[in-house]
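Chain residues, written in single-letter form:
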Amino acid sequence: MACMARSRTRKRLCKLVLAGLSVLLLLACLFLRRKVKARRCTDQESRATLRTLCEEYTRNRVTGNLCPDLCTTHSIIYRECLNYRKGKKVMLAEWNAHKVILKSKYDRLQDYNSIVSRYMNDVGKMVTSPPDMATFLTMVNHQLRTMFEIDTPDISVVEILQKMWPWKKGKMLNQVTMESLWALLQQDEYLMMQYFQGNEHFPKIYGSCGHFYVMEYTPPGDTLSPSLFNFKTGRELVSSTDWDSRAKVALSFLTFLEDLNTFHTEPLHLCDVKQDNYGVSTDLTIQAIDVDMAFFEMKMRGILGQENCTKNEDCEFFDCLSTCDLQRKRCSKHRSNNNLQAICKKIFVGYNGLPFGGLLRSPPAAIADRLDKALQECVKPSDNYGQSQKASSETLETLRDLLQESLHSNAPSR
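Predicted model only: the values in this text are computed from it and were never measured.

For the rest of this paragraph, the subject is the side chain of Lys88. Along the chain, the position of Lys88 falls in the loop between β1 (76–81) and β2 (89–95). Polar contacts involving the side chain of Lys88 include one to the side chain of Glu189, which spans 3.1 Å. What Lys88 contacts, discounting residues up to four positions off in sequence, is Asn83, Lys103, Ser104, Lys105, Glu189, Asp290 and Asp292.

This is the structure:
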């Protein structure tokens, strides 16, 4: 009897402890939610930013092909702010019954460097001097070379500029146009998005107004943002997208990674890999919707090689890793992992490796063991005399074959 009483007491105590922990967890979630909400921009702030932009357009201080839609006909309608107060400005809007994204690195045009030089003349008066067309093109040349390392004979600055702005070679640009274009050219993400226009893995840029540009809206959706889980059983509380949809998105990721190595004269490195940075279109094509932390090879080497170090961990630049030269105490300029590894780790597997967390969770039984082995090889490639290797093209092909096999086996027989 005494044993039974002690057992009941222990059960009651366990229930009380679990209840207390649940309450603490709920309070912690509410606190974090309140802090996150406090950091987010408000509708009032966003509307004020757009009003200021339209006032600048009315005064002929900014221009762009979508200024009339935003400021005159109001066919671009603000809906919601999506960013944090101290980050770039990202707003959800509606344009002709379609959702679009308004983006800018800063709130105001004045936050960007101006093309106009200011100096004191001989009598002590402040003088402003806008550049002529030749000087402006030289400024553009420097800006684009800094971003793209385009010092190659097969592509000219004029050709790159034509990708950035609807500009005809030989046409003179007025000061307002130069100022608006110059603000856009100071935004690395805009440059990257515009450069990759025409590639299915980057959202369309519809145009701009001043320093804000308007792009296609492709959110991660349920495919990349799994529904809530029961962490006790590992099962989804709310049904998420089925395997076929997730496999198709994963295949699109693999095609995207191949494009990054061939689209430009240099490969593009993705240093901030997470679900929120990728969108899924209606046909399940993956799109890079946030490329602030994407760098071409030469720029990547410059970033990695500038750090002092005493261990490899000192050479981590977000998801782009390097190794430490212990003799020189300097980080190597060369990346030691690659995009495929980062995607496998953060997207395909995800959630610290829990089997129900990432995009490729809960695969069909027919490929489960082989897929798990391929993903392990992708995240941690086999060592070669103690030197970790990058995820190989063979691993990519293995993943592609397994995903295609699963889709083929799930296809209805005719």
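The buried fraction of β2 amounts to six of the seven residues, a majority that puts the element mostly inside the structure. The pairing of β1 with β2 spans five bridges and is classified as antiparallel. Within β2, the residue paired with Cys81 across the bridge is Met91. Where β2 and strand β3 (residues 98–104) come together, seven bridges link them in antiparallel fashion. Counted as the bridge partner of Trp95 is His98 from β3. With antiparallel pairing between neighbouring strands as the criterion, β2 and β3 make up a hairpin whose turn holds two residues, including Asn96 at a positive phi of roughly 50°.

Further remarks concern the side chain of Ser252. Examined against the element boundaries, Ser252 turns out to sit in helix α9 (residues 243–262). At a separation of 2.8 Å, a polar atom in the side chain of Ser252 contacts the main-chain amide nitrogen of Ile286. In contact with Ser252, not counting residues within four places along its chain, are His201, Leu284, Thr285 and Ile286.

We now examine the packing of helix α4 (residues 133–148) against helix α7 (residues 188–195). Between α4 and α7, the least distance of the axes is 11 Å, while the angle of their chain directions is 80°. Between α4 and α7, the angle falls in the class roughly perpendicular. The residues of α7 that touch α4, namely those facing Leu144, Met147 and Phe148, are Asp188, Leu191, Met192 and Tyr195. Broken down by class, the residue content of the contact of α4 with α7 amounts to six nonpolar, no polar and one charged.

On to the sheet that holds β2. As summarised here, the arrangement of the five strands in space is β1-β2-β3-β7-β6, forming an open sheet in which the pairing is antiparallel. This sheet does not close on itself; its edge strands, each paired only once, are β1 and β6 (205–209). On average, adjacent strands in this sheet sit at an angle of 30° to one another, irrespective of strand direction. Its contacts with the sheet put helix α2 (residues 43–58) on β1, β2, β3, β6 and β7 (212–216), and the angle it makes with β1 is roughly 145°.

This brings us to the packing of aromatic side chains. Inspection of every chain in the model, using the stated rule, returns 16 aromatic pairs. Pairing Tyr195 with Phe196 gives two aromatic rings, centres 5.6 Å apart and planes at 85°, and the pair type is edge-to-face. You can call Phe196 buried: its relative accessible area is 1%. Between Phe196 and Phe202, the aromatic rings sit 4.4 Å apart at their centres with planes inclined by 10°, giving stacked as the arrangement. Per residue, the accessibility class of Phe196 equals that of Phe202, and both read buried. Among the aromatic residues, those joined into a cluster by ring pairs are Tyr195, Phe196, Phe202, Phe253, Phe256, Phe263, Tyr278, Phe296 and Phe348.

As a further point, take the nonpolar core. Counting 73 residues, the largest nonpolar core has Phe148, Leu224, Phe253, Phe256, Tyr278, Phe348 and Leu399 as its most contacted members. Tallying contributions element by element places α9 first for this core, with ten residues.

Below, the discussion takes up the confidence of the model for the chain. Model confidence for the chain is summarised by a mean pLDDT of 84, while 80% of its residues fall at 70 or above. Mean pLDDT across the elements of the chain bottoms out in strand β8 (residues 229–230) (46) and peaks in helix α3 (residues 67–72) (98). Under a pLDDT of 50 for its full length, residues 228–233 has, in the predicted model, eleven contacts with residues more than four places off or in other chains.

Each value, and the rule that gives it
- Throughout this description, residue numbers start from 1 for each chain and increase along the sequence as written.
- Whole-chain, interface and lining totals are the exception, using all residues; otherwise, since this is a predicted model, local features are given only for residues with pLDDT of at least 70 and side-chain atom pairs are given and counted only at 80 or more.
- For the side-chain quantities, the full set of heavy atoms in the structure was used; hydrogens and water were omitted.
- Per the convention used, a helix needs a DSSP run of H or I reaching at least four residues, while a strand needs a run of E reaching at least two, with both numbered from the N terminus.
- Throughout this description, a polar contact denotes any pair of N or O atoms lying within 3.5 Å of each other; where both atoms belong to protein, one of them has to be capable of donating a hydrogen while the other can accept it, and for residues adjacent in sequence the pair is counted only when both atoms sit in side chains.
- A contact between two residues is defined here by any heavy atoms of the two lying within 4.5 Å.
- Burial classes: relative accessible area under 20% of the type maximum marks a residue as buried, over 50% as exposed, and values in between as partly exposed (1.4 Å probe, protein chains only).
- Here a strand pair is declared whenever DSSP counts at least two bridges between the two strands.
- Angles run from 0 to 180 degrees between N-to-C directions of axes, and those axes are lines fitted to C-alpha atoms, restricted for helices to the stretch in contact.
- To sort the angles, those under 35 degrees are grouped as roughly parallel, those over 145 as roughly antiparallel, those from 65 to 115 as roughly perpendicular, and the leftovers as oblique.
- Here the term charged refers only to Asp, Glu, Lys and Arg, the term nonpolar to Ala, Val, Leu, Ile, Met, Phe, Trp, Tyr, Cys and Pro, and the term polar to all other amino acids, Gly among them.
- Between 30 and 60 degrees the pair is tilted, below 30 it is stacked and above 60 it is edge-to-face, where a pair is any two Phe, Tyr or Trp rings, Trp via its six-membered ring, whose centres lie within 6.5 Å.
- Take the buried Ala, Val, Leu, Ile, Met, Phe, Trp, Tyr and Cys residues and link them wherever side-chain atoms come within 4.5 Å; each set so joined is a nonpolar core.
- Each residue carries a pLDDT value, the predictor's own confidence for that position, ranging from 0 to 100.

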